Amino acid sequence: MSAAVRVAQTSQASIKSLITLMNKSCACPAHSQARRVLQNNNSASDATSKHHHHTKDCSHASHADTEHEYAFEMASSTMRFGEGVTREVGQDLVNMKAKKVLVMTDPNIAKLPVMKTVIESLTANNVPFVVYDKTRAEPTDKSFMDAIAFTKEHRPDVFLAVGGGSVMDTCKAANLYYNYPDADLLEFVNAPIGKGSVITKDLSPLIAIPTTAGTGSETTGTAIFDYEPLRVKTGIANRKLRPTLGIVDPLNTRTMPSQVKIASGLDVLCHALESYTALPYTERTPRPANPAERPAYQGSNPISDIWSLEGLRLTVKYLARSAKDPLDMEANSQMCLAAAAAGTGFGSAGVHLCHGMSYPISGLNKTYKHPEYNVDHSIVPHGISVAVTAPAVFRYTGAACPDRHFKAAEIFGADLTKIRKAESAGPLLADQLTKFLEDLGVPNGIGALGYTKADIPALVKGTLPQHRVTKLAPLATGAEALERIFEDAMKNY
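Just so it is clear, the structure is predicted and the values come from calculations on it, not from any experiment. (Residues numbered from 1 in each chain as written. Predicted model: local features only at pLDDT ≥ 70, side-chain atom pairs only at ≥ 80, totals over all residues. Heavy atoms only, no water.)

**So, the side chain of Asp169**
(1) Moving on: Within the secondary structure layout, Asp169 lies in helix α7 (residues 165-179).
(2) Moving on: Discounting residues that sit within four places of it in the chain, Asp169 has contacts with Phe144, Ser217, Thr222, Ala223 and Ile224. (Helix = DSSP H or I, 4+ residues; strand = E, 2+ residues; numbered from the N terminus. Contact = heavy atoms within 4.5 Å.)

Right, here's the structure in full:
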């Protein structure tokens, strides 16, 4: 029986079991810190509890019964950057000795100049290929399965993703399950929604050509999708998913509508801010028994800090310019670099609350459709879903690592000469973020997306299973804290 059929025949009992798992914490060696996070969810003063250490470095309370992590790993795809570099991809595939290439894109990108350039390059270099152009914006388990089925039918030996994060993530999933043909879709999906099994073998080569400056998916080992049976967003995270090569060509972003540029750039912004303020890697527990169990998202570290801060600086400086003028090639180029830089940073350090909370914001949406997105379904773009909670999130986390929040606020333009009280760090950064979002015309909080206070319990429930990211928040964050953050995020300005 195929994986698609097995998913389609998921019994009611299995769904109930998954729902039960959503309210439990993962106890696997790489993620068991999430158990402590959820066990501390009833304090009315999560952000200022005396059990947290509010030092200049983000930290959680220590645990005598576990060993803290002592190492971090940096892993990223090879990246090639330059205007016009897309045309080299045919030669790359010849160098890889590709026999049959699966080119994956979406219906909109398929009509744009970037695909013409790609096809011309493959044809000129006599590279055999087949095109899959049905990738869904904000992919689902069903759209993943459709792409996987197409892949198994055509049996490629190399993958080429041409598009934004949705295309690249779908291509990663197709590569994974083509190389694990008997695996159920949930086999590698992050626990507790999936089994969270470790990917142990190398996958097929994958080249990624991003057409947005946002997700940084060309550098990371993550693939995100909506799991529709539970109406939650989840994903797969493993270094084996990383593209072999990311070809970053600023010319490919010229056709992005302004709203798509803004949403993509806000994803970069939150990648940078969340990874820079994430739990330090030395505070993550427990230390993995085997290096293979060390998670892709490990906590902030000295190298990820460099990339995250550079991604933040570039985004603050160039996002508005890029959105305003599609022919501003300096701004377009710098935003491409920002996406890659922040992607490298969060690919090691991880993200936390903005992303964890964004998944139910997107997954539970029924009617909101963001402007300038040419799709046939309601959609809260990922970058919008992460950004609308950002002021509330960083207002909450500021007490954990004030120096880092001050540093980020200064990059936005805050004057720190008269503001040095630790308790003002979170509000200061929140104010800077609010102004930044308002100037870009971002929807005014989750209320502008159609949510009300009555939806908060469902939004919290959808956030709690996102252990892969929420466990990296600099403060232990449970249900009551999440309720307050969502309420604070109803309206930003």
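Having put the structure on the table, let's press on.
**Some thoughts on unusual backbone geometry**
(1) Moving on: The omega torsion of the bond from Ala191 to Pro192 falls at 10°, within 30 degrees of zero and hence cis.
(2) Moving on: Within the secondary structure, Pro192 is located in the loop between α7 and β5 (206-210).
(3) Moving on: The omega torsion of the bond from Thr285 to Pro286 falls at -10°, within 30 degrees of zero and hence cis.
(4) Moving on: If you trace the backbone, Pro286 turns up in the loop between α8 (258-276) and α9 (302-324).
(5) Moving on: Although it is not a glycine, Arg155 sits at a positive phi angle of roughly 50°.
(6) Moving on: Summarising the element assignment, Arg155 is placed in the loop between α6 (141-154) and β4 (158-163).

**Regarding the side chain of Ser77**
(1) Moving on: Secondary-structure assignment places Ser77 in the loop between α3 (33-39) and β1 (78-81).
(2) Moving on: At 3.1 Å, the side chain of Ser77 forms a polar contact with the backbone oxygen of Glu218.
(3) Moving on: When neighbours within four sequence positions are excluded, Ser77 is seen to be in contact with Glu218, Thr219, Arg242 and Pro243. (Polar contact = N/O pair within 3.5 Å; in protein donor to acceptor, adjacent residues only side chain to side chain.)

**Here's the deal with the confidence of the model for the protein chain**
A low pLDDT score tells you not to read the predicted coordinates there in detail.
(1) Moving on: When pLDDT is averaged across the protein chain, the result is 88; 86% of the residues are at 70 or more.
(2) Moving on: Across residues 2-56, where pLDDT falls below 50, the model places 111 contacts with residues more than four positions away in sequence or in other chains.
(3) Moving on: Counted against residues more than four places away or in other chains, residues 59-65, with its pLDDT under 50, gives 22 contacts. (pLDDT = per-residue confidence, 0-100.)

**Considerations on the environment of Tyr180**
(1) Moving on: Along the chain, the position of Tyr180 falls in the loop between α7 and β5.
(2) Moving on: Put simply, Tyr180 and Ile199 are 19 residues apart on the chain and 9.3 Å apart in space, counted from C-alpha to C-alpha.
(3) Moving on: Those residues in contact with Tyr180 that lie beyond four places of it in its chain are Phe188, Ile199, Thr200, Lys201 and Leu203.
(4) Moving on: Within the local environment of Tyr180, its side chain forms a polar contact with the backbone nitrogen of Thr200, the two atoms lying 3.1 Å apart.

**Some details on the packing of aromatic side chains**
(1) Moving on: Scanning all chains against the criterion turns up 8 aromatic pairs.
(2) Moving on: When the ring of Phe72 is compared with that of Tyr281, the centres are 4.9 Å apart and the planes differ by 65°; the resulting orientation is edge-to-face. Placement of Phe72 in the loop between α3 and β1 and of Tyr281 in the loop between α8 and α9 is noted, with a sequence separation of 209 residues between them.
(3) Moving on: Plain terms: the ring middles of Phe412 and Phe436 are 5.4 Å apart, the flat faces sit at 80° to each other, and that makes the pair edge-to-face. Pair noted here: Phe412 is in helix α14 (residues 402-412) and Phe436 is in helix α15 (residues 425-440), with a separation of 24 residues, a long-range link. In this structure, Phe412 and Phe436 share a single accessibility class: buried.
(4) Moving on: Lying across the ring of Tyr180, Lys201 places its NZ or CZ 4.5 Å from the centre. (Phe/Tyr/Trp six-rings, centres within 6.5 Å; stacked < 30°, edge-to-face > 60°. Buried < 20%, exposed > 50% of the residue type's maximum accessible area, 1.4 Å probe, protein only. Lys NZ or Arg CZ within 6 Å of the ring centre and 35° of its normal.)

**Some words on the nonpolar core**
(1) Moving on: Residues Leu266, Leu269, Leu273, Leu312, Ile361 and Phe412 are the most contacted members of the largest nonpolar core, which totals 78 residues.
(2) Moving on: Top contributing element to this core by residue count: α8, with 10 residues.
(3) Moving on: Ignoring anything within four residues of it in the chain, the contact list for Phe412 reads Leu269, Leu273, Leu312, Val316, Leu429, Gln432, Leu433 and Phe436.
(4) Moving on: Formed by 22 residues, the second largest nonpolar core is a distinct cluster that contains Ile148, Ala173, Leu203 and Ile236. (Core = buried A, V, L, I, M, F, W, Y, C linked by side-chain atoms within 4.5 Å.)

**Regarding the packing of α8 against helix α10 (residues 329-349)**
(1) Moving on: Taken N-terminus to C-terminus, the directions of α8 and α10 make an angle of 40°; their axes are 8 Å apart at the nearest point. With respect to each other, α8 and α10 are oriented oblique. Seen from above, α8 lies across α10 with left-handed handedness. Between α8 and α10, the residues in contact are Lys261, Gly265, Val268, His271, Ala272 and Ser275 and Asn332, Met335, Ala338, Ala339, Ala342, Gly345, Phe346 and Ala349, respectively.
(2) Moving on: Partitioned by chemical class, the residues of the contact of α8 with α10 number 8 nonpolar, 5 polar and 1 charged. (Axes fitted to C-alpha atoms, helices over the stretch in contact; angles between N-to-C directions. Parallel < 35°, antiparallel > 145°, perpendicular 65-115°, else oblique. Left-handed = near helix turned anticlockwise from the far one by under 90°. Nonpolar A, V, L, I, M, F, W, Y, C, P; charged D, E, K, R; others polar.)

**Here we look at the pattern of salt bridges**
(1) Moving on: Under the criterion given, the structure shown has 21 salt bridges.
(2) Moving on: Salt-bridge contacts for Glu88 lead to Arg80; the nearest nitrogen and oxygen are separated by 3.3 Å.
(3) Moving on: Exposure remark for Glu88: the relative accessible area of 32% places this residue in the partly exposed category.
(4) Moving on: Assessed through its relative accessible area of 25%, Arg80 is described here as partly exposed.
(5) Moving on: As a salt-bridge pair, Lys233 and Asp226 come within 3.3 Å of each other at their nearest N and O atoms. In this structure, Lys233 and Asp226 share a single accessibility class: buried. (Salt bridge = Lys/Arg side-chain N within 4 Å of Asp/Glu carboxyl O.)

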